[in-house]
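Structural features, examined
Chain by chain, the residues run as shown.
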Amino acid sequence: MSELVSRVLDKENLKATVNALETGNYRNMPPVSADSQRYVGAVLNEEVEKQFGRKERPAVELILNSIDAKPSGYSGKYVVKVRRAEADLVGMYHNISVADRGVGMSLYDMLVHLSVPFGTNKKNGDYIGRFGVGFLSALQWGMNDNSSVTVTTSDGAEKAPFGKVKGWKAKFYGSDGKPTGLRCRIEPASLPGRGTRVDVVTNAYRVGRIGDYIAETLGFFDPERAVIEFNGQRVNDGPVGDRYNVKIMGKTEEMRIQMGVEQTKNHAVRLFSNGVLVETKPINGIDVYVDMPASVQPSIGRDELVQDRAYREAMENFWTIMLPWVETHRAEPGMTRALRDGLPKIADKLDCPMENKDILARALGLDSVYVCKTAEAGWLRDFFGDGISEKVYGTMDDTCVEEWTDYSGGWGVIEPLFNVIGISTVETGLKEIKVRDVELAPGYGGKSPFLRHKKKVYRNVNHPLVDGTGTAAKYALKGELKVLTGLTEESVEDDIFIGD
Ligand SMILES: Nc1ncnc2c1ncn2[C@@H]1O[C@H](COP(=O)(O)OP(=O)(O)OP(=O)(O)O)[C@@H](O)[C@H]1O
Ligand SMILES: [Mg+2]
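We now turn to the structure provided with this report. Not measured: the values here are computed from a predicted model.

1. Quick look at the site of ligand 1
Taken together, 24 residues lie around ligand 1, and Asn65, Ala69, Thr120, Gly129 and Gly134 are the ones closest in. Of all the elements in the fold, those that place two or more residues in the shell around ligand 1 are α4 (57-68), α5 (107-115) and α6 (134-138). By residue number, the principal contributor to the shell around ligand 1 is α4, which donates 5 residues. Taken together, the residues that form the shell around ligand 1 break down as 9 nonpolar, 10 polar and 5 charged.

Following this line, the structure appears as C-alpha cells:
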C-alpha cells in the first residue's frame, strides 16, 4: 500500500502504473525509494486509524462518498444501499457492503483519489466530502488477518462484452493489524453498469453497532438528495423538517429545522452539516434538529462545526426563522411550553446569543402574565430581559405550579382579574405567588381557576371553568370568588360577570 501511494504521488510513476495495470506489463515501472515509502507509511498510520472517535464511522464515510457520487442533474430517487451480514457461522467475521449507481471511478481516479491521503478534488458546496481522508478510514476494517476492503467501480466510459461496462476492482487487505501492513491488488472487472460498490469483510469487534450509528447520523438526511437503505430498510424516513432560504455571506442557501417534544430519553440539540450529524448537545424537554447551510463547515473528522463567520450568520438566521417557525408550530401539543423553557437553553447550547427576543417572547405568549417554577422564572427573566421580567412569576412551592399548570399547557397563563382594594395595575417586582388551597366542585380535579396574591386576584384563563358557559361552571366560579374575596354574590355578579 505505501508503495502504491508513493507511486501515485509521483506523476511519471503514476502514468507508468496506470499503463502497467492496463496492459498487464509491469516490467517498466520505475522503482520507488524506501524513504518515500516510509514517509507515506507514517501518513497512512495517521489517516487510516486516528481520525474518528467512533469505530462505526467508516460506514458513514463510505455512504457519504456514495452520496457525493450522485451524477449531476440526476432525477428520480438516488439510493445508497448498505448491507451487513454475518459472514460465517461463528459470527466472527462480518460482511458489510455499500453500493451506489453513481458516477463511478476510472482506474486513474481510483488510484489518485482513493489511496492517496487528501486526494480529493471535491469543491466546497455541492459535496459532503472535503478532506480526502474518509475512504482511508475504512481501510482499518481490512487490516487484520482474513479481513479486506474491496472497491469495485466503473465510470461506464468503456463498454465490455455482453452489454457490460469495463471497470476495476481494488482489494485492500492486511494481516498484521497495521495500516503499513496493508496490501492492494488491482485487477480489471466487467460490471453490469456504472457505479461503485465497497465490500468489507472484517472482524465483528471492529464493526460495532453500525445500524444504530447510521440511523443516528443519517436519519435526518434529506431524502430528496439521497435515500439510504440499511438491510433493505430506509434510514432517512423520519420528518424532514421545514426548509428555509437563508443568506450566508451573500449566498442563498437552505437551512432545515425540525423540533419535537416526544417523550424520548435522549433529548438534544442536534446540529447537522449537509444532513450529516455533527454535534449532539443534550438538553431537557425538546429535540432540535438543525441542518446547517452548506457554507457552515465541519472540522476534519466531522465532529464539530467550525465557529466562523458562516456559523454566526447561520445562527442569526436561526433566530429569524424561529418566529415563523413558532407561528406555524405552536399549536402542537406541549410545543409552546417546551419552547418557552427551551429557547434560552437552545441559545446556550448553540453558543450564540439570541436575536429578536422581544418578538419571540410575544410569539410565545410571554406578553401575558405567567406563573412557573421559581427557577424557571429566574432563568426566563434573565434571558428575555426587562421586556418580560415583570410578567413572569415564580411560585413558592411546586404544588402551586401543579395547581396551575394542568389547564395551561404547562404554564399558568393568568390575567389580573381585579384588585380587591382597587389598585389597578399589576404590582411590579412581584416575584413569587402562593396559590390558595380551594376545594372545587367535583369534575374539575379540585383545582381552582383563581389565585390570590396579597390584595389581587388572578385567574387562569385556560381553566375549563373560566371558558365554561354552563351554569354549573358559572356557579362554581361565583362560589370560588366569594370565598376568595369576601364579596357578596351580587357584587360578584356585578363586578365579574358583566357582559358575560
Ligand atoms: N462511491 C464512490 N463513487 C465515486 N467516487 C468515489 C466513491 N468513493 C470515493 N470516491 C472518490 O474517492 C475520493 C476520496 O474519497 P474520500 O472519502 O477519501 O475523500 P472525500 O470524500 O473527497 O473527502 P472526505 O475525507 O471529507 O470524505 C473522493 O473524492 C472521490 O473522488
Ligand atoms: Mg468522503
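2. Focus on helix α8 (residues 210-218)
Turning to α8, its buried residues are Ile210, Ile214, Thr217 and Leu218. Burial along α8 is one-sided: seen end-on, the buried residues are contained in an arc of 75 degrees. Contacts from the buried residues of α8 go to α4, β1 (79-86), β2 (93-100), α7 (204-207), β8 (227-230) and β13 (276-282).

3. Some details on the nonpolar core
A general tendency of soluble globular proteins is for nonpolar side chains to be buried together. Grouped together as the largest cluster of nonpolar side chains are 87 residues, with contacts concentrated most on Ile63, Leu139, Ile214, Ile228 and Ala314. Looking at this core, the element that brings in the most residues is helix α9 (residues 309-329), giving 8 residues.

4. Focus: unusual backbone geometry
A positive phi angle is found at Asn274, which is not glycine, with a value near 55 degrees. What makes Asn274 buried here is the crowd of 25 C-beta atoms within 10 Å. For Asp351, which is not glycine, the phi dihedral falls at a positive 55 degrees. As for its placement among the helices and strands, Asp351 is situated in the loop between α10 (335-349) and α11 (357-363).

5. Looking at the sheet that holds β13
Strands sit in the order β10-β11-β14-β12-β13 across an open sheet of 5 strands; the sheet is mixed. Unpaired on one side and paired on the other, β10 (242-248) and β13 mark the two borders of the sheet. Pairwise comparison of adjacent strand axes, ignoring direction, gives a mean angle of 20 degrees for this sheet. Judged from the 5 bridges that link them, strand β12 (residues 268-273) and strand β14 (residues 287-292) form a sheet pairing that is parallel. Looking across to β14, one finds that Ser273 is bridged to Met292. Of the strands in this sheet, β10, β11 (251-260) and β14 are in contact with α9, which crosses β10 at around 140 degrees.

Criteria and cut-off values
- Residues numbered from 1 in each chain as written.
- Chains lettered and ligands numbered in written order.
- Predicted model: local features only at pLDDT ≥ 70, side-chain atom pairs only at ≥ 80, totals over all residues.
- Near = placed C-beta within 6 Å.
- Helix = DSSP H or I, 4+ residues; strand = E, 2+ residues; numbered from the N terminus.
- Nonpolar A, V, L, I, M, F, W, Y, C, P; charged D, E, K, R; others polar.
- Buried ≥ 20, exposed ≤ 12 C-beta atoms within 10 Å, placed from the backbone.
- Arc of directions from axis to C-beta.
- Contact = placed C-beta atoms within 7 Å.
- Core = buried A, V, L, I, M, F, W, Y, C linked by C-beta atoms within 7 Å.
- Pairing = 2+ DSSP bridges.
- Axes fitted to C-alpha atoms, helices over the stretch in contact; angles between N-to-C directions.

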